[in-house]
Amino acid sequence: MDAGASRRPVPGECNLALAQGTPAAVVKSVFETAAFAGYPFTGFVVQKDGGGLGVLATDAQVPGPALALGAKPEPRAAPTTLRALRQGPG
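The structure presented is a predicted model; accordingly, all values stated were derived computationally and were not measured. (Residues numbered from 1 in each chain as written. Predicted model: local features only at pLDDT ≥ 70, side-chain atom pairs only at ≥ 80, totals over all residues. Heavy atoms only, no water.)

## Some details on the pairing of strand β2 (residues 41-47)
The condition that has to hold: Note on exposure labels: buried denotes an accessible area under 20% of the residue type's maximum, exposed denotes more than 50%, and partly exposed covers the range between, all computed with a 1.4 Å probe on protein chains only. Each helix is a run of DSSP H or I of at least 4 residues and each strand a run of E of at least 2, with the numbering of both proceeding from the N terminus. By the convention used here, strands pair only if DSSP detects at least 2 bridges between them. Viewed with both strands pointing away, a crossover whose connecting path from the first strand over the helix to the second turns clockwise is right-handed.
Among the 7 residues that make up β2, 5 are buried, leaving the element largely enclosed by the rest of the structure. Direction of pairing for strand β1 (residues 13-16) relative to β2: parallel, over a ladder of 4 bridges. Along β2, the bridge assignment pairs E13 with F41. After leaving β1, the chain enters helix α1 (residues 24-36) and then returns to the sheet as β2, a path that is right-handed. Here β2 runs beside strand β3 (residues 53-59); their pairing, made up of 7 bridges, is antiparallel. Its bridge partner lying in β3, F41 is registered against D59.

## Focus: the side chain of T42
Cut-off, in case you're wondering: Any N or O atom pair separated by 3.5 Å or less is treated as a polar contact, with the protein-specific requirement of one donor-capable and one acceptor-capable atom, and with residues adjacent in sequence counted only for side-chain atom pairs. Note on definitions: a residue-residue contact is assigned when non-hydrogen atoms from the two residues lie within 4.5 Å.
The topology assignment puts T42 in strand β2. Taking the relative accessible area as the measure of exposure, T42 reaches 0% and is therefore buried. A distance of 3.3 Å separates a polar side-chain atom of T42 from the backbone oxygen of Y39. Those residues within four positions of T42 in sequence are excluded, and the remaining contacts are C14, L16, F31, A34, L56, A57 and T58.

## What about α1?
Spelled out, the test is: Expected span of a helix, by definition, is 1.5 Å for each gap between consecutive residues, and there is one gap fewer than residues.
Taking 1.5 Å per residue as the helical rise, α1 with its 13 residues ought to reach 18 Å, and the 18 Å between its terminal C-alpha atoms agrees with that figure. Note on α1: the residue one or two positions beyond its end, G38, has a positive phi of about 105°.

## Digging into the sheet that holds β3
Our working rule: Fitting a line to C-alpha atoms yields each axis, with helices limited to the stretch in contact; the angle taken between N-to-C directions then spans 0 to 180 degrees.
Spatially, 3 strands are ordered β1-β2-β3 in an open sheet, and the strand pairing comes out mixed. Strands at the two margins of the open sheet, each flanked by one partner only, are β1 and β3. When the angles between neighbouring strand axes are averaged without regard to direction, this sheet yields 30°.

## Section: the confidence of the model for the chain
So the rule is basically this: Across the chain, each position has a pLDDT score giving the predictor's confidence in that residue, from 0 to 100.
When pLDDT is averaged across the chain, the result is 75; 56% of the residues are at 70 or more. Mean pLDDT per element in the chain: helix α2 (residues 65-68) is the minimum at 55, and α1 is the maximum at 89.

## Notes on the environment of A35
One can find A35 in helix α1. What makes A35 buried here is its relative accessible area of 2%. Sequence separation between A35 and D59 is 24 residues; the distance between their C-alpha atoms is 8.8 Å.

In structure tokens, the structure reads:
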């Protein structure tokens, strides 16, 4: 293993697709675990009204390896509300 590998920032983004009815405690645990593992920018895959899928972007506000090492997160688009995401364009 490369000695500097643990110091390299990780991409910091992941998407979670969870089954409807997943307990909130499980969602929180997975979200928090991802953030502490260096993936603080998590998207939740959601089903839109009328079909189709979208991603609701979130940013965890916890210290993680990528941010602790001074990595600067990429600028992101303005967050989309769940209502707007479900209704789709228009």
